[in-house]
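Structural description and commentary
So the chains spell out like this:
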Amino acid sequence: EDEVVLDLSPMRVPQHFVEIAEKVGAAEPGADIEFFEGMAVMLDDGSEHQTAQAGEEAETEAFSCSAASADLLDGFEKEPIYRLPMFVVAWQLQRPDAKALAKRLAVAFGT
């Protein structure tokens, strides 16, 4: 199996990451939404979930909206990409399916 990873952090819109991730994830079954390094999201039950420490991965299966703090939003405006927390949608797929998904994502995101 191959892994296809779509990192949303270069888009620099953390307040929309969850919405984008859910739409992209719905396009292909089996998507995992993963966020890293202190990014908080609001879970469906209304509680806030803070991710693990820097470099440690944290995952949640269902969340509905981001709880982007002012510091996080400011960081996405001013900081270089390598300093920003990652927010990714990932799939584990057989090679032909992975290649097809990667092509669809490239077209959808204009890369």
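Quantities reported herein were computed from a predicted structural model and do not represent experimental measurements.

**Topic: the overall build of the chain**
Of regular secondary structure, the chain possesses three helices and seven strands. Put simply, the chain runs from its N terminus to its C terminus through helices and strands in the order β-α-β-β-β-β-β-α-β-α. Counting the 111 residues in the chain, one finds 35% classified as buried. Sequence separation of 24 or more characterises 66% of the internal contacts of the chain that already satisfy a separation of 6 or more. Of the roughly 6,700 Å² of accessible surface on the chain, 50% is carried by carbon and sulfur atoms.

**A few points about the confidence of the model for the chain**
Here the chain averages 76 in pLDDT, and 71% of its residues register 70 or above. Taking the mean pLDDT of every element in the chain, the minimum, 39, falls on strand β6 (residues 63-66) and the maximum, 95, on helix α3 (residues 95-109). Segment residues 42-67 is flagged for pLDDT under 50; beyond a separation of four residues in sequence, or across chains, it makes 67 contacts in the model.

**Focus: the side chain of glutamate 28**
By secondary structure assignment, the location of glutamate 28 is in the loop between α1 (17-26) and β2 (32-36). Assessed through its relative accessible area of 17%, glutamate 28 is described here as buried. The contacts of glutamate 28, once residues within four sequence positions are left out, are Trp91, Leu93, Leu101 and Arg104.

**Examining the packing of aromatic side chains**
All chains considered together, the criterion is met by three aromatic pairs. Ring centres 5.5 Å apart and planes at 80 degrees place the aromatic pair phenylalanine 17 and phenylalanine 76 in the edge-to-face group. Pair noted here: phenylalanine 17 is in helix α1 and phenylalanine 76 is in helix α2 (residues 70-78), with a separation of 59 residues, a long-range link. One exposure class covers both phenylalanine 17 and phenylalanine 76, and it is buried. Here phenylalanine 35 and phenylalanine 87 contribute two aromatic rings whose centre-to-centre distance is 6.0 Å and whose plane-to-plane angle is 20 degrees, an arrangement assigned as stacked. Residue phenylalanine 35 is found in strand β2, and its partner phenylalanine 87 is found in strand β7 (residues 87-93); the two are separated by 52 residues along the sequence.

Reading the values: rules and limits
Residues numbered from 1 in each chain as written. Predicted model: local features only at pLDDT ≥ 70, side-chain atom pairs only at ≥ 80, totals over all residues. Heavy atoms only, no water. Helix = DSSP H or I, 4+ residues; strand = E, 2+ residues; numbered from the N terminus. Buried < 20%, exposed > 50% of the residue type's maximum accessible area, 1.4 Å probe, protein only. Contact = heavy atoms within 4.5 Å. Areas by Shrake-Rupley, 256 points an atom, 1.4 Å probe, with all protein chains shown as cover. pLDDT = per-residue confidence, 0-100. Phe/Tyr/Trp six-rings, centres within 6.5 Å; stacked < 30°, edge-to-face > 60°.

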